[in-house]
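# Topology and contacts: notes
If you want the building blocks of each chain, they are given just below.
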Amino acid sequence: MLESSSVPNAVAGSGVQRIFDCTTGQELNRYSDLWFEDGSVVCRADDTLFKVHMSQLSRHSVCFRDMFSMPQPIPSSRVPPVPLGDGQVDLYQLGCPVIILHDDPNDVASLFTALYDGPNFGDNGVEDFRVTAGILRLATKYIIDSLREKALAHLSKAWPDTLKGWDAREDRTRSRSASPIEEVSSFMYPSPIAVINLARQVHAPSLLASAFYDLSRYPFSQIFESSFEDSLVGVSTMSDSTLSPMDLQRLCLGKESSAHAITTLIQAMGQSQHVRQPQFSHGHTRRNSGVICISAAACRKDFSELVDLATQHYLFDREKGCSDPLYVAEELGQLKSAEFSECKACAISLEVWSSRERDRLWKLVPIWFRLESPSPQTNSPSPKLA
């Protein structure tokens, strides 16, 4: 809704005047960093006012450009029902058009700041996510494609759609965990639930797989109980938002598939002996990547013990990583270090198997959670579950 005042420059030079909406008697607040005295339009979001330039908004947004080109009604019949005193002025007597934005004022401030100064993205923590999410929501709504792409690219560093990106994210998290506790405690990722809901709002399916996977690593008590205190450093609490019924169903199905994948991984490590079996030729030796296996019997015994160890650790004791198949696959691949193992052939074989399994698991994540396959060319809404 676009309205203009018939009293031009009513408050020229009066920077201290208080602004009211005289139809309701509500006092409105200038957003000081985005109140330009030479601005050509006042944007109102809730009780917050921004005096900005039509040219700046039109330059970036076809939506704003079309909005400003529409005929502007002159409120000549507006009679303020609430009388004003000295130092007070009606919103519609500021001398320039007024546009009503049905958006959160913080989101509007984030968007306008990015349009004037350029986006200044941070560390993908909670506060940075709040700002970036606001930019992304309104860049999508007002068709500011370049800003939307930049916001999505930034969020993708924390919520990637590739295994390489996910590993980089986990490496950054681990490096923070190795820092002094006071530094670690100051950083928290936003709730994966908030990321999922944002991705649904702005039709950004590329964010969904990693967000669902990250969320599936938490116990249901931590996800759903508002009184549950998050004990993990570096992750925000889950209780600040909720999933839609369909996404809740996706989460439950995905957690079940993820848990089954860990059991299957451990079993596969013990059942893959044929990969490491010696090829009998010229004695009891074999070549694997140029390395000779020294004893098949000893290796079989080692792998049997490793399976028992992994079963106890991840399935019975529910230790670190028990809900994270990618982490488990990586750890299993390091149980026989090629540097220290007596049989380098089998150690290398285990590492290769682990890498191959992690690639396979990552490709399964969208299937586990019944997600669409994100394409770099499209951002379409999620299909319904069958």
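Residues numbered from 1 in each chain as written. Predicted model: local features only at pLDDT ≥ 70, side-chain atom pairs only at ≥ 80, totals over all residues. Heavy atoms only, no water.

## Considerations on the overall build of the protein chain
Quick reminder of the rule: Under the DSSP-based scheme used, a helix requires at least four consecutive residues in state H or I and a strand at least two consecutive residues in state E, with every element numbered from the N terminus. The criterion used for residue contact is that any of the two residues' heavy atoms lie within 4.5 Å. Accessible surface is estimated by sampling points in the Shrake-Rupley manner with a 1.4 Å probe; for residues, cover comes only from the protein chains shown.
Summing up its helical and strand segments, the protein chain has 15 helices and 9 strands in all. Taking the contacts inside the protein chain whose residues are at least 6 apart along the sequence as the reference set, 68% of them involve residues at least 24 apart. As displayed, the protein chain offers around 19700 Å² of accessible surface, 53% of which is attributable to carbon and sulfur atoms.

## Regarding the pairing of strand β2 (residues 18-21)
For the record, the criterion: When DSSP finds two or more bridges between a pair of strands, those strands are recorded as paired.
In this structure, β2 lies alongside strand β6 (residues 88-90), joined through 3 bridges in parallel fashion. When the bridges of β6 are listed, arginine 18 appears paired with glutamine 88. Two elements, β2 and strand β3 (residues 26-35), share 3 bridges in a ladder whose sense is antiparallel. Residue aspartate 21 lies in a different strand from β3, and its bridge partner there is glutamine 26. Linking β2 to β3, which pair antiparallel, is a turn of 4 residues; within it glycine 25 sits at a positive phi near 80°.

## Quick notes on unusual backbone geometry
As a reminder, the rule being used: Throughout this description, buried means an accessible area under 20% of the type-specific maximum (1.4 Å probe, protein chains only), exposed means over 50%, and partly exposed covers the range between.
Located in the positive-phi region is asparagine 124, a residue other than glycine, with phi close to 65°. For asparagine 124, the location among the structural elements is in the loop between α3 (105-117) and α4 (126-141). The class for asparagine 124 is buried, based on a relative accessible area of 6%. You will see that arginine 370, though not glycine, has its phi angle at about 55°, which is positive. Relative to the assigned elements, arginine 370 resides in the segment after α15 (344-368). For arginine 370, a relative accessible area of 37% translates into the label partly exposed.

## Points about the side chain of serine 354
Structurally, serine 354 can be placed in helix α15. Overall, the relative accessible area of 5% leaves serine 354 in the buried class. Excluding residues that lie within four positions of it along the chain, serine 354 makes contacts with Ala329, Glu330 and Gly333.

## Section: the pattern of salt bridges
The following threshold applies: We define a salt bridge as a side-chain nitrogen of Lys or Arg found within 4 Å of a carboxyl oxygen belonging to Asp or Glu.
As enumerated under the stated definition, the model contains 15 salt bridges in all. Aspartate 21 is the partner of arginine 44 in a salt bridge, and the nearest nitrogen-oxygen pair spans 2.7 Å. Of the two residues, arginine 44 is situated in strand β4 (residues 41-45) and aspartate 21 in strand β2; the sequence distance between them amounts to 23 residues. Residue lysine 141 is joined to aspartate 103 by a salt bridge in which the shortest nitrogen-to-oxygen separation is 2.6 Å. With lysine 141 in helix α4 and aspartate 103 in the loop between β7 (98-100) and α3, the pair connects residues that are 38 residues apart, well separated along the chain. Each of the salt bridges in this network shares a partner with another, and the network as a whole consists of Arg169, Glu170, Asp214, Arg217 and Asp324.

## Examining the packing of aromatic side chains
Worth spelling out the cut-off: When the centres of two rings from Phe, Tyr and Trp lie within 6.5 Å, Trp using its six-membered ring, the rings pair. Their planes under 30 degrees apart give stacked, over 60 give edge-to-face, and anything left gives tilted. Whether a charge lies above a ring is judged from NZ of Lys or CZ of Arg, which has to be within 6 Å of the ring centre and within 35 degrees of the ring normal.
Counted under the stated rule, the structure contains 11 aromatic pairs. Consider the rings of tryptophan 159 and tyrosine 189, whose centres lie 6.2 Å apart with planes at 65°: the pair is edge-to-face. Here tryptophan 159 is found in the loop between α5 (145-158) and α6 (163-177), whereas its partner tyrosine 189 is found in the loop between α7 (181-184) and α8 (192-202), with 30 residues between them in sequence. For lysine 255, the ring lying beneath its charged end belongs to phenylalanine 220, and the centroid distance is 5.0 Å.

## A word on the nonpolar core
This is how it is decided: What is meant by a nonpolar core is a set of buried Ala, Val, Leu, Ile, Met, Phe, Trp, Tyr and Cys residues, joined one to another through side-chain atoms within 4.5 Å.
Within the largest apolar cluster, 74 residues are counted, with the highest numbers of intra-cluster contacts made by Cys43, Phe50, Phe64 and Phe112. The biggest single contributor to this core is α8, with 7 residues. The residues touching cysteine 43, leaving out its near neighbours within four places in the chain, are Thr48, Leu49, Phe50, Val52, Leu57, Ile99, Leu101 and Phe112. With 12 residues, the next largest nonpolar core counts Val42, Leu49, Cys96 and Val98 among its residues.

## A few points about α3
Three or four residues apart is the spacing at which side chains of an α-helix point the same way, because the helix has 3.6 residues per turn. Stated precisely, the cut-off is as follows: Expected helix span is taken as 1.5 Å per residue step, with the number of steps being one fewer than the number of residues. Whenever two N or O atoms come within 3.5 Å, that pair is a polar contact, provided that in protein one can donate a hydrogen and the other can accept it, and provided that, for residues adjacent in sequence, both atoms are side-chain atoms.
A rise of 1.5 Å per residue sets the reference length of α3, with its 13 residues, at 18 Å; its end C-alpha atoms lie 18 Å apart and thus fit the reference within 8%. Buried within α3 we find Pro105, Asp107, Val108, Ala109, Ser110, Leu111, Phe112, Ala114 and Leu115. Capping the start of α3, aspartate 104 holds a side-chain oxygen 2.7 Å from the backbone nitrogen of asparagine 106, two or three residues further along. A positive phi of about 85° marks glycine 118, the residue just after α3.

## Brief notes about the environment of phenylalanine 20
Following the sequence through the fold, phenylalanine 20 ends up in strand β2. Through-space distance from the C-alpha of phenylalanine 20 to that of glutamine 88 is 7.1 Å; in sequence the pair is 68 residues apart.

## Here we look at the packing of helix α14 (residues 325-333) against α15
For the record, the criterion: Throughout, an axis means a line fitted to C-alpha atoms (over the contacting stretch in the case of helices), and angles, computed between N-to-C directions, take values from 0 to 180 degrees. Roughly parallel here means an angle under 35 degrees, roughly antiparallel means over 145, roughly perpendicular means 65 to 115, and every remaining angle is called oblique.
Running from amino to carboxyl end, α14 crosses α15 at an angle of 175°, the nearest separation of the two axes being 8 Å. In terms of axis orientation, α14 runs roughly antiparallel to α15. Residues Pro325, Leu326, Ala329, Glu330, Leu332 and Gly333 of α14 touch α15, and the partners they reach there are Leu350, Glu351, Trp353, Ser354, Arg358, Leu361, Trp362 and Trp368.

## Digging into helix α2 (residues 62-69)
Rules: Note: the arc covers the axis-to-C-beta directions of the helix.
Buried within α2 are the following residues: Phe64, Met67 and Phe68. Along the axis of α2, the buried positions cluster into a sector of 95°, meaning they face one direction only. The N-cap residue of α2 is serine 61: its side-chain oxygen and the backbone nitrogen of cysteine 63 are 3.2 Å apart.

Geometric values such as these leave the question of function open.
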